[in-house]
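Per-entry structural report
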Amino acid sequence: MYEMIKKENLVPNIVFMRFSAPKIAQTALPGQFVILRVDEKGERIPMGLAGWDADEGTIDIVFYVLGTSTAKLSTLPEGASLANIAGPLGTPTVVEKFGRVICACGCFGIGPTLPLIRALKEKGNEVITVVEGRGPDFVFWIDRLKEASDEVHVVTGCGKTAWANDFIAEELESGRKVDRIFVHGCPFMMKVCSEASKPSGIETIVSLTPLMVDGTGMCGACRVEVGGKTKLACVDGPDFPGHEVNWDGLVIRLRQMIPEEDLSFNIWERENWHKLTAKPHKPPNPDKLRERVDDGHRGACTSA
Ligand SMILES: Cc1cc2nc3c(=O)[nH]c(=O)nc-3n(C[C@H](O)[C@H](O)[C@H](O)COP(=O)(O)OP(=O)(O)OC[C@H]3O[C@@H](n4cnc5c(N)ncnc54)[C@H](O)[C@@H]3O)c2cc1C
Ligand code: FES
C-alpha cells in the first residue's frame, strides 16, 4: 500500500526514501512527522517529513540508521511496501515573516529543514542556513539548500567556526540582525545551539525527537519538560523553544531503553547482517566532496 518509490544512500548511514502516501502528501506542513511501521511486527518509527508532493502523492523521509527498526527499514529495496504510515502528525512549525532567520541543521535534520526553508522564503524571510557534519562526507543536499536559502555555510568540525553553535554565536556577536533561529539535528546539537543563542534571548526553535509510541497524545512516552511544565512532544510539539527545554531530562528518557534496544539489535543483526552488507554505500568522490563543501565552508580545513 505505502510503496517505496525511491531510495538513495545519501552519506554513510543516512538514507533517503520516498513513499506513495497521497493523503499525507495533501495536508503535510513543515515541522510535521509521520509514524511508520516496516511490517506487522515492526515498532512504530517517528520520522520528520523531509518533503512531499501533493500532485504526485508522495512523501520523503531522511533517516539515520541507529538500531533495529531503522536498520530493518534501510534494507528494504525500492518497490517494497510498508505495513503503514500514519500522519501527518504533530503541530506544524509556526512560519511567519520574521526577518532574518538562521536555520541550523545536521545529520538527518538536514531533511526536514529543506521544506522549512522553502516555507520561510515564501513568507519573505532572509534565510541563512548553516549545515553541520562530522566531516565533508557527512553533509548532503548542499545544492538544494543553496537553491532554497539566501546563504549556506558548511561547518565540519574545523577551524574557528567548527560547529553550528559556533556559527550562531559568531553571527550574534558580530551584531548582524537575527530574528529567529531554527535547529534540526541530534539532541546535543540542538542543546548547544540553544545555549549559543540564549544570552541574546533570540527565539530558538528546536524539533525534539523523544521516544514515541502512539504519536497522538495518549501514552505519555514522549513527555518532555519545557519551561518547567510537562509537554507531549507528539501533540504539543515536536517544535519547542530551545531555551526552555530540560535537555538533561530529555537525554535520560532517550537512554532508558538502551539494554533492550541493544539486545533487539544483536538478535536482529545475527539473522540479517547479510542484508546490511548487500549494498554497501558507494564511496564518495573526494573531488565532488571538495566542490560541495569549499563554496560556503567557514572552517579552516580544506581537505575532504
Ligand atoms: C518527531 C520525531 C521525528 C523524528 N524524525 C527523524 C528523522 O527524520 N530521521 C531520523 O533518522 N530519525 C528521526 N527520529 C528519531 C527516530 O525515530 C529514531 O532514531 C528511531 O525510532 C530509532 O529506532 P531504532 O529501532 O532504529 O533504534 P533504537 O534501537 O530505538 O535506538 C538505538 C540507539 O539510539 C538511541 N535513540 C533512539 N531514538 C533516538 C532519538 N530520537 N534521538 C536520539 N537517540 C535516539 C537509543 O537510545 C539507542 O541508544 C525522529 C523522532 C521523533 C520523535
Ligand atoms: S507518543 Fe504517546 S503521548 Fe506522545
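Residues numbered from 1 in each chain as written. Chains lettered and ligands numbered in written order. Predicted model: local features only at pLDDT ≥ 70, side-chain atom pairs only at ≥ 80, totals over all residues.

Moving on, we come to the overall build of the protein chain. For the protein chain, the helix and strand inventory stands at ten helices and 16 strands. Relative to the compact-globule value of 19 Å for 304 residues, the protein chain shows a C-alpha radius of gyration of 19 Å, a close match. Summarising its shape, the C-alpha atoms of the protein chain cover approximately 55 × 50 × 40 Å along the three principal directions. Counting across all 304 residues of the protein chain, residues that qualify as buried make up 43%. Within the protein chain, residue pairs in contact and separated by at least 24 positions form 67% of the contacts whose partners lie at least 6 positions apart. (Helix = DSSP H or I, 4+ residues; strand = E, 2+ residues; numbered from the N terminus. Rg over C-alpha atoms; globule rule 2.2 N^0.38 Å. Buried ≥ 20, exposed ≤ 12 C-beta atoms within 10 Å, placed from the backbone. Contact = placed C-beta atoms within 7 Å.)

What follows concerns the site of ligand 1. Taken together, 28 residues are adjacent to ligand 1, and F63, G67, S69, T70 and E261 come closest. Elements that contribute at least two residues to the shell around ligand 1 include exactly β4 (45–48), β6 (58–64), α2 (68–74), α3 (110–122) and α9 (258–278). Grouping the amino acids of the shell around ligand 1 by side-chain chemistry returns 19 nonpolar, seven polar and two charged. (Near = placed C-beta within 6 Å. Nonpolar A, V, L, I, M, F, W, Y, C, P; charged D, E, K, R; others polar.)

Moving on, we come to the sheet that holds β6. Pairing is antiparallel across the open sheet formed by five strands, whose spatial order is β5-β6-β2-β1-β7. If you trace the sheet from one side to the other, it starts and ends with β5 (51–53) and β7 (81–82), each paired once. (Pairing = 2+ DSSP bridges.)

Right, let's get into the domain arrangement of the protein chain. Split by domain assignment, the protein chain resolves into domain 1 (2–89) and domain 2 (100–207). Spacing between the C-alpha centres of domain 1 and domain 2 amounts to 24 Å. If you list the elements that add at least two residues to the side of domain 1 that touches domain 2, you get β1 (2–11) and β6. At four residues, β6 tops the list of elements feeding residues into the side of domain 1 that touches domain 2. (Domains from an automatic or database assignment.)

Our next topic: the sheet that holds strand β10 (residues 126–132). On the basis of which strands lie adjacent, the open sheet formed by six strands has the order β11-β10-β9-β12-β13-β16 and mixed pairing. Strands with a single pairing partner mark the edges of an open sheet, and in this sheet they are β11 (151–155) and β16 (239–241). For this sheet, the mean inter-axis angle between neighbouring strands, taken without regard to orientation, is 20°. Sheet topology note: the β10/β11 ladder contains five bridges and is parallel. Looking at the pairing, V131 lines up with V154 of β11. Of the strands in this sheet, β9 (100–106), β10, β12 (180–184) and β13 (204–207) touch α3, which is tilted by about 165° from β9. (Axes fitted to C-alpha atoms, helices over the stretch in contact; angles between N-to-C directions.)

With that settled, the discussion passes to the pairing of strand β15 (residues 229–232). Across four bridges, the pairing between strand β14 (residues 223–226) and β15 is antiparallel. If you follow R223 over to β15, its bridge partner there is L232. Here β14 folds back onto β15, and the loop between the two strands holds two residues, one of which, G227, carries a positive phi near 60°.

With that settled, the discussion passes to the environment of F188. Within the secondary structure layout, F188 lies in helix α6 (residues 187–197). Once the C-alpha coordinates of F188 and W247 are considered, the two residues, 59 residues apart in sequence, prove to be 8.4 Å apart.

Turning to the packing of helix α5 (residues 164–173) against α6, a few remarks are in order. Two quantities define a packed helix pair, namely the angle between the helix axes and the distance between the axes. For the pair α5 and α6, interaxial distance at closest approach is 8 Å and the crossing angle is 15°. By the angle between their axes, α5 is roughly parallel relative to α6. You can see that α5 and α6 cross each other, and the crossing is right-handed. Contacts between α5 and α6 involve A164, N165, I168, A169 and L172 from the first element and M189, V192, C193, E195, A196 and S197 from the second. (Parallel < 35°, antiparallel > 145°, perpendicular 65-115°, else oblique. Left-handed = near helix turned anticlockwise from the far one by under 90°.)

Okay, unusual backbone geometry next. A cis amide bond links G87 to the next residue, P88, at an omega of -5°. A cis amide bond, omega 10°, links G237 with the succeeding residue P238. One non-glycine residue, N13, adopts positive backbone phi at about 75°. Locating N13 in the fold gives a position in the loop between β1 and β2 (14–20).

Let us now look at the environment of T58. Here T58 lies in strand β6. T58 sits in the partly exposed class, given 19 other C-beta atoms within 10 Å. Expressed as a C-alpha distance, the spacing of T58 and Y2, which sit 56 residues apart in the sequence, is 9.5 Å. When neighbours within four sequence positions are excluded, T58 is seen to be in contact with I5, R18, F19, S20, A21, A25, W52 and D53.

The subject of this paragraph is the nonpolar core. Ranked by size, the top nonpolar core spans 80 residues in total, and within it V34, I59, I102, C103, A104, V131 and A164 carry the most contacts. Residue contributions to this core reach at least three from each of two domains, namely domain 1 (2–89) and domain 2 (100–207). When near neighbours in sequence (up to four residues on either side) are disregarded, I59 contacts F19, A21, I24, A25, A28, V34, L49 and W52. (Core = buried A, V, L, I, M, F, W, Y, C linked by C-beta atoms within 7 Å.)

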